[in-house]
Amino acid sequence: MVSGSERVGRAFVLTNIGELTTNVAAPGDACGTLRGAAVLVRDGRVEWVGSADATPTDVPVVDAEGRAVIPGFVDSHTHLAFGGDRAEEFAARMAGESYAAGGIRTTVAATRAASDDELRARLAALVGECRAQGTTTLEIKTGYGLDVETETRLARLASEVTAEVTFLGAHVVPAEYAGRGDDYVELVVGDMLDAVAPHARWIDVFCEEGAFTPTQSRRVLEAGRAAGLGIRVHGNQLGFGGGAALAVELGAAAVDHCTYLTDDDVTALAGSDTVATLLPGVEFSTRQPYPDARRLIDAGVTVALASDCNPGSSFTSSMPLMIALAVREMGMTVAEAVWAATAGGARALRRTDVGVIRPGARADLVLLEAPTRVHLVYRPGVPLVRTVWKDGAEV
């Protein structure tokens, strides 16, 4: 028998799992919790899930020794490709200054000045952080270039580490287009989209006062869809606005932030396939009100949790922290928060092969140094991720 810290071959069985979160829903249990379980992995996929008493004996065995296992986290909203640092801005906020989206332009200047090697090194370091904390699937946005050359560079570099690349040329209007938002939108939907689309799967827009109007946002999203990209929306972060309604109308995979929602917004989301992705790291970092996850869940809205890791408003890559904040500040149960950070993130990316532990799914597994997933909230800030497997290979 080998320990969980050793790299195993193309096939292995993880057995003696005290609590297994499969996310294969059972009556009264969306997490599909199994106890005394085992998982057989072969060629990067889950081949079998069952009782530890029926563990196959023809492959290497990893003994979980009663620890909990969950699917790898699916972080469906990050901005990991950037240059520079905004620690001083964070310190100013903590001293009482208010958050404004305009700080994005500071990162744009640093990102444009950074070389590919510098951006690649930063990206690799942040991806490593994510993996060490149990994140096995990542979405990465552009949005810190805001010109054709840099947006294309960011998308290309992001595509080296994930298939889930989002074109966010419509993040804010750059300084050189100040007062000419419509002209900048024409650049985004024209030359910029043409250059970036080959490297991306999604298009996104920051539909918010101070960024892009609903009319401008519609133009961006419809152009992206015509180019073959899926739709995502930043919306309803800084105030009530049209982002959530537009996302539902256009069939977006997700609308992210959702801090300020009307009753009509909630009703529309509940009747749609659009996921409400909540980003509690932003509220932690900006001291804005937390979104009301309980209201959304009780209304029947599908909720995801993501880190929004970025240098300005949420510079954390920790999905366990997002779970703890969601439970402590947003009215979610532990089971709901873990589901939202795994299966919910997969829904937000329209993926069925991640965020779940069932035959045929990718073998993205996290072994916790804990007997139950509850410890992710019960012991906040403690590094509880013992072992991570991505596509069956130990990270």
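Refer to the preceding data block for the structure.
Now for a quick tour of the structure. (Residues numbered from 1 in each chain as written. Predicted model: local features only at pLDDT ≥ 70, side-chain atom pairs only at ≥ 80, totals over all residues. Heavy atoms only, no water.)

### Digging into helix α6 (residues 214-226)
So, step 1. An ideal rise of 1.5 Å per residue puts 18 Å on 13 residues; α6 measures up with 18 Å between its terminal C-alpha atoms.
So, step 2. Residues of α6 that are buried: Q216, S217, V220, L221, A223 and G224. Buried residues of α6 fall within an arc of 160° about the axis and therefore sit on the same side. Away from its buried face by more than 90 degrees, α6 exposes T215 and A226.
So, step 3. Each element contacted by the buried residues of α6 is listed here: β8 (164-170), α5 (181-196), β9 (202-207), β10 (230-235) and α7 (243-250).
So, step 4. After α6 finishes, the residue G228 shows a positive phi value of roughly 95°. (Helix = DSSP H or I, 4+ residues; strand = E, 2+ residues; numbered from the N terminus. Expected span 1.5 Å × (residues − 1). Buried < 20%, exposed > 50% of the residue type's maximum accessible area, 1.4 Å probe, protein only. Arc of directions from axis to C-beta. Contact = heavy atoms within 4.5 Å.)

### Digging into α5
So, step 1. Between its first and last C-alpha atoms α5 spans 20 Å; for 16 residues at 1.5 Å apiece the expected length is 22 Å, and the helix comes up short by more than 12%.
So, step 2. At V188, α5 shows its maximal kink, close to 35°.
So, step 3. By the burial criterion, the buried members of α5 are G181, Y184, V185, L187, V188, V189, G190, M192, L193 and V196.
So, step 4. Looking at the buried positions of α5, the neighbouring elements they touch are α4 (148-159), β8, β9 and α6. (Bend = angle between axes of the 7 residues up to and from the residue.)

### Quick notes on the state of the cysteines
So, step 1. Across all of its chains, the model carries zero disulfides by this definition.
So, step 2. Here C207 is not cross-linked by a disulfide; its sulfur's nearest cysteine counterpart is in C258, at 12 Å.
So, step 3. Looking at C309, it has no disulfide partner, and the nearest cysteine sulfur is the one in C130, 5.9 Å off. (Disulfide = S-S within 2.5 Å.)

### Details of the side chain of R373
So, step 1. Position of R373 among the secondary structure elements: in the loop between β14 (365-368) and α13 (375-378).
So, step 2. Reaching out from R373, the side chain makes a polar contact with the side chain of T33 at a distance of 3.0 Å.
So, step 3. Here R373 is in contact with E19, T21, D29, C31, T33, A68, I70, V334, A335, V338 and L368, once residues within four sequence places are set aside. (Polar contact = N/O pair within 3.5 Å; in protein donor to acceptor, adjacent residues only side chain to side chain.)

### Considering the side chain of T152
So, step 1. Here T152 is to be found in helix α4.
So, step 2. Relative accessible area serves as the criterion here: at 17%, T152 is assigned to the buried category.
So, step 3. The contact partners of T152, leaving out residues within four places of it in the chain, are A195, V196 and H199.

### Side note on the sheet that holds strand β11 (residues 254-257)
So, step 1. Here eight strands make up an open sheet; going across it, the order is β6-β7-β8-β9-β10-β11-β12-β13 and the pairing parallel. Both outer strands of the open sheet, β6 (73-75) and β13 (303-305), are each paired with one neighbouring strand and no more. If you compare each strand with its neighbour and ignore which way they point, the axes differ by 25° on average.
So, step 2. Where β11 and strand β12 (residues 275-278) come together, three bridges link them in parallel fashion. By the bridge assignment for β12, D256 is matched with T277.
So, step 3. Across the sheet, α4 lies against β7 (135-141) and β8, angled at about 165° from β8, the strand it touches most.
So, step 4. Strands in contact with α5 are β8 and β9; relative to β8, the strand with the most contacts, it is inclined by about 150°. (Pairing = 2+ DSSP bridges. Axes fitted to C-alpha atoms, helices over the stretch in contact; angles between N-to-C directions.)

### Let's talk about unusual backbone geometry
So, step 1. Of note, the phi angle at N236 is positive, near 60°, even though the residue is not glycine.
So, step 2. According to the relative accessible area criterion, N236 is buried, its value standing at 1%.
So, step 3. The phi angle at D391 is positive, at roughly 50°, despite the residue not being glycine.
So, step 4. Along the chain, the position of D391 falls in the loop between β15 (385-390) and β16 (393-394).

### Considering the pattern of salt bridges
Once the charged atoms of two side chains with opposite charge are near each other, the side chains can pair.
So, step 1. A complete count under the given rule lists 29 salt bridges for this structure.
So, step 2. The partner of R112 in a salt bridge is D147, and the shortest N-O contact between them spans 3.3 Å. On the criterion of sequence distance, the pair formed by R112 in helix α2 (residues 104-113) and D147 in the loop between β7 and α4 is long-range, its members being 35 residues apart.
So, step 3. Classification of R112 as partly exposed rests on a relative accessible area of 29%.
So, step 4. Look at D147 and you get partly exposed, because its relative accessible area is 22%. (Salt bridge = Lys/Arg side-chain N within 4 Å of Asp/Glu carboxyl O.)

### Let's talk about the nonpolar core
So, step 1. Grouped together as the largest cluster of nonpolar side chains are 87 residues, with contacts concentrated most on L80, Y184, L305 and I323.
So, step 2. Top element by residues in this core is α5. It accounts for eight residues.
So, step 3. Residues contacting L80, with those up to four places away along its chain left out, are R122, L123, L126, V127, C130, L138, I140 and C309.
So, step 4. Core analysis: the second largest hydrophobic core is formed by 16 residues, V39, V41, A64 and V69 among them. (Core = buried A, V, L, I, M, F, W, Y, C linked by side-chain atoms within 4.5 Å.)

### Side note on the packing of α5 against α6
So, step 1. Running from amino to carboxyl end, α5 crosses α6 at an angle of 5°, the nearest separation of the two axes being 10 Å. Here α5 lies roughly parallel to α6, going by the angle between them. Of the residues in α6, those touching α5 at G181, D182, V185, E186, V188, V189 and L193 are Q216, R219, V220, A223 and G224.
So, step 2. A breakdown of the residues in the contact of α5 with α6 according to their chemical character gives six nonpolar, three polar and three charged. (Parallel < 35°, antiparallel > 145°, perpendicular 65-115°, else oblique. Nonpolar A, V, L, I, M, F, W, Y, C, P; charged D, E, K, R; others polar.)

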